[in-house]
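Notes for the structure review
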Amino acid sequence: MKYTQLGRTGLKVSRLVLGTMNFGPQTDEADSHAIMDAALDAGINFFDTANVYGWGENKGRTESIIGNWFAKNPAHRDKVVLATKVYGNMAADGDAWPNHDKLSALNIRRAVDASLKRLQTDHIDVYQFHHVDRRTPFEEIWQAVDVLVQQGKILYVGSSNFPGYKIAQANEIAARRGGTIGLVSEQCLYNLAERRAEMEVVPAAQDYGLGVIPWSPLHGGLLGGVIKKEVEGGRRAGGRAADSLANTSLRAQVQAYEDLLDKHGVEPGEAALAWLLTRPGVTGPIVGPRTAEQLASALRAVELELSEELLTGLDEIFPGPGPSPEAFAW
């Protein structure tokens, strides 16, 4: 495994991030523990989750699965950089009360304590704001963060799904207040088929020293060889990939992508991950394996070297918006 610093911090993290969103809803606890074992054995030390994962009546289930894994072998906790998120409403469906969600100081305090209990740990390494809270000022958010850092409950803070101007706003207010280093990472939707993050989010993250952590690196399976699987095995795409393939022009792009990689003898899913690892500012993409086989495929991407010819071909099929701010003007 290869490692890098998380943004401007001294924290070393693996170039792949283990996403756990499937743990519980699609992967049972025993298989989830086996995947975490395999990830740690392979050198992945950055694990990402969120308090709402498990969804519906099972919100928090994913954090509990991770907590049970730590409890089985407490030595694992010291090897893992643990990241979770706050924002979503954790009340039972239909039983939502005011202040049970978003980023008020009250909810942040409540959410941290609940996550620590489920995760069976005394601290969270990277505590991430899952979305922008338009009603809570950053002065209040940073005051809550300062208390939690002083209490030793969290170490670093990151954002997720923030636009560039909110990254700037959050860190400028943190700098004016002093006593906090502000956001150190941004988790955003970013992949070959969805490159809008390059217009503002990635430049803002680079300027403010945030590590970029792309989620959905295969765009819901679209970049994982979906057409080939459909033709060879009769396995039809679902979710975001199915919606995307309904667009004839995008389907043609995906076909050209798969043809190009077939020509170079590279697996589509591995190429999509390897491409992200070449992008400026990217710490590492989040991979969310449902099985050990999917984890093994992701691991191969870390060692995959993409030729200049292949990188050029990928840019031609999925062109980015261009440099910022020129992409806005000409």
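Just above sits the structure.
Because the structure is a prediction, the values reported are computed rather than measured.

Details of the pairing of strand E6 (residues 124-129)
E6 sits mainly inside the fold: 6 of its 6 residues count as buried. Bridging between strand E5 (residues 81-86) and E6 involves 4 bridges; their strand directions are parallel. For Lys-85, the partnering residue across the bridge sits in E6 and is Gln-128. The pairing of E6 with strand E7 (residues 154-160) spans 5 bridges and is classified as parallel. Looking at the pairing, Ile-124 lines up with Ile-154 of E7. Assessed by its sense of winding, the connection that carries the chain from E6 through helix H5 (residues 138-151) to E7 is right-handed.

Digging into the packing of aromatic side chains
Tallied over the entire structure, the rule returns 7 aromatic pairs. Ring geometry for Tyr-190 and Trp-275: centres 5.9 Å apart, planes at 70°, overall edge-to-face. On the criterion of sequence distance, the pair formed by Tyr-190 in the loop between strand E8 (183-189) and helix H7 (201-207) and Trp-275 in helix H11 (residues 268-277) is long-range, its members being 85 residues apart. Ring pairs connect the aromatic residues Phe-47, Trp-69 and Phe-70, which therefore count as one cluster. In this arrangement the basic side chain of Arg-77 is found over the ring face of Phe-70, its NZ or CZ atom lying 5.5 Å from the centre.

Calculation rules
- Numbering of residues starts from 1 in each chain and follows the order in which that chain's sequence is written.
- Only residues with pLDDT of at least 70 get local features here, since the model is predicted, and only at 80 or more are side-chain atom pairs given and counted; chain-wide, interface and lining totals rely on the full set of residues.
- Side-chain descriptors were evaluated using all non-hydrogen atoms of the structure, hydrogens and water having been removed beforehand.
- With a 1.4 Å probe rolled over the protein chains alone, any residue whose accessible area is under 20% of its type maximum counts as buried; one over 50% counts as exposed, and the rest are partly exposed.
- The secondary structure listing takes helices from DSSP runs of H or I that are at least 4 residues long and strands from runs of E that are at least 2 residues long, numbered from the N terminus.
- When DSSP locates at least two bridges between a pair of strands, those strands are taken to pair.
- Looking down the strands as they point away from you, a crossover is right-handed if its path from the first strand over the helix to the second goes clockwise.
- Only centres within 6.5 Å qualify two rings of Phe, Tyr or Trp (six-membered ring in Trp) as a pair; their planes then separate them into stacked at under 30 degrees, edge-to-face at over 60, and tilted for everything else.
- Lysine NZ or arginine CZ positioned within 6 Å of the ring centre and within 35 degrees of the ring normal marks a charge as sitting over the ring.

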